[in-house]
Structure formats: C-alpha cells, structure tokens
Amino acid sequence: GNGGGGGVKNPAPCLVSGCKAGHLAVWDLKKRQLVTVIEDAHDGPVTSVVFVPSEPLLITSGQDNAIKVWIFDKGGGDDSSGNASSPGIPRLLKSRAGHSLPPSRVRFYAADTTS
C-alpha cells in the first residue's frame, strides 16, 4: 500500500532475514522469491530486524553493536493500481555504531510529539 513520509511508497509485502554472517536477505512474499542479499550489512551476526509501522523503513542491529536504518525507496516499480509490485532494494539511510554493549532498547517518537 501507499504511505510513509515524503511521498515514498511502502514496499510490496516482503520478509527480511538476517544471518550470522551479517547479511540481510530480502524476500518478495507475492512472488515467493529472493529479491536481493545485502552482504556484510553488519560486522558479525544480525540480532534484530524490525520494520517501522506504516513507513518504508527497516531497522537492524547486530553483535557489532550497530543500529542501521534502511529505506525502501528504489526499485520495485508499481502495478496498475499504483501499489509497489515488488519490495525493491533497501539502501542504508542512517547508521549508529560505537556502543560499548549491544543496544537493548530503541524507542520511536512521532514527529508531532510535543513533550
């Protein structure tokens, strides 16, 4: 479906998995096939993979104590109804590293929160 900030469409239904080698695999659930593998997304095992609700964003963390934000804003294409026809390939949007221990909690705050 559509949504997300800045007019960026959400990817088509997909699954993203991480592995001990630090790679991410993006799977197209409609076509039931592998779209891409992002090698060395983390330096070591991927420990968490989470989509941000209603946004084309994916957040990953790993034993390298890094948190990375990926955006699905390239590739994919649209079908005749304007929906994404495939998930596309995520690109790295932001990265934070240097924690002394693995991050244990991440909180999201809406842009309109005033507290």
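What this report covers is the structure whose coordinates are included nearby. Bear in mind that the values here come from a model prediction, so they are computed numbers and not experimental data. Numbers given to residues run from 1 along each chain, matching the order in which its sequence is written. Where local features are concerned, this predicted model is filtered to residues with pLDDT of at least 70; where side-chain atom pairs are given and counted, the filter is 80 or more; whole-chain, interface and lining totals use all residues. Hydrogen atoms and water are omitted, and side-chain values are computed over all heavy atoms in the structure.

1. Some details on the sheet that holds strand 4 (residues 46-51)
In a beta sheet, neighbouring strands pair by backbone hydrogen bonds and run either parallel or antiparallel.
Right, on to step 1. Strands qualify as paired when DSSP identifies two bridges or more between them. Put simply, DSSP H or I for four residues or longer makes a helix, DSSP E for two residues or longer makes a strand, and each gets a number counted from the N terminus. Spatial ordering of the open sheet is given by 4-5-6-7, a layout of four strands whose pairing is antiparallel. With partners counted over all chains shown, the strands left at the sheet margins are strand 4 and strand 7 (91-96), one partner each. If you compare each strand with its neighbour and ignore which way they point, the axes differ by 20 degrees on average.
Right, on to step 2. Across five bridges, strand 4 lies against strand 5 (residues 57-62) in antiparallel orientation. When the sheet's bridge partners are listed, Val-46 is paired in strand 5 with Gly-62. All axes here are fitted lines through C-alpha atoms, helices being fitted over the stretch that makes contact, and every angle between N-to-C directions spans 0 to 180 degrees.

2. What to know about the sheet that holds strand 1 (residues 14-18)
Right, on to step 1. If you trace the three strands from one edge of the open sheet to the other, you get 1-2-3, paired in antiparallel fashion. Edge positions in the open sheet fall to strand 1 and strand 3 (33-38), since each of these has one partner strand only. Sheet twist, expressed as the mean angle between neighbouring strand axes with direction ignored, is 20 degrees.
Right, on to step 2. As paired elements, strand 2 (residues 24-28) and strand 3 share five bridges and run antiparallel to each other. Residue Ala-25 lies in a different strand from strand 3, and its bridge partner there is Val-37.

3. Here we look at unusual backbone geometry
Right, on to step 1. The backbone of Ser-54 sits at a positive phi, close to 65 degrees, despite the residue not being glycine.
Right, on to step 2. Tracing the chain through its elements places Ser-54 in the loop between strand 4 and strand 5.

4. What to know about the pairing of strand 2
Right, on to step 1. Here's how the labels work: a residue is buried when its accessible area is under 20% of the maximum for its type, exposed when over 50%, partly exposed in between, all with a 1.4 Å probe on protein chains only. Summarising burial for strand 2: four of the five residues are buried, a large majority.
Right, on to step 2. Here strand 1 hands over to strand 2 after five residues, with Gly-22 in that stretch at a positive phi of 90 degrees.
Right, on to step 3. Between the end of strand 2 and the start of strand 3, which pair antiparallel, lie four residues, with Arg-32 showing a positive phi angle near 55 degrees.

5. A few points about a nonpolar patch on the surface
Right, on to step 1. To count toward a patch, a residue needs a relative accessible area above 30% and no salt bridge. Like charges then connect within 9 Å, nonpolar side chains (Val, Leu, Ile, Met, Phe, Trp, Tyr) within 5 Å. Method for areas: the Shrake-Rupley scheme with a 1.4 Å probe, in which residue coverage is limited to the protein chains shown. For this document, the term salt bridge refers to a Lys or Arg side-chain nitrogen within 4 Å of an Asp or Glu carboxyl oxygen. A grouping of Leu-15, Trp-27, Leu-29, Leu-34 and Val-37 is seen on the molecular surface, where their side chains present a nonpolar patch of about 430 Å² in accessible area.
Right, on to step 2. Looking at where Val-37 falls in the secondary structure, it is placed in strand 3.
Right, on to step 3. Residue classification places Val-37 among the partly exposed positions, given a relative accessible area of 39%.

6. A closer look at the nonpolar core
Right, on to step 1. To form a nonpolar core, buried Ala, Val, Leu, Ile, Met, Phe, Trp, Tyr and Cys residues must be joined to one another through side-chain atoms within 4.5 Å. In terms of nonpolar packing, the biggest core is built from ten residues, these being Cys-14, Val-16, Leu-24, Val-26, Ile-38, Ala-41, Val-46, Leu-58, Trp-70 and Phe-72.
Right, on to step 2. Listed by contribution, the elements that provide at least two residues to this core are strand 1 and strand 2.
Right, on to step 3. The next biggest cluster of nonpolar side chains, apart from the first, holds six residues, and it includes Val-52, Leu-57, Val-69 and Ile-71.

7. Description of the environment of Asn-65
Right, on to step 1. Considering the arrangement of structural elements, one finds Asn-65 in the loop between strand 5 and strand 6 (67-71).
Right, on to step 2. C-alpha separation for the pair Asn-65 and Gly-98, spaced 33 residues apart in sequence, amounts to 6.7 Å.

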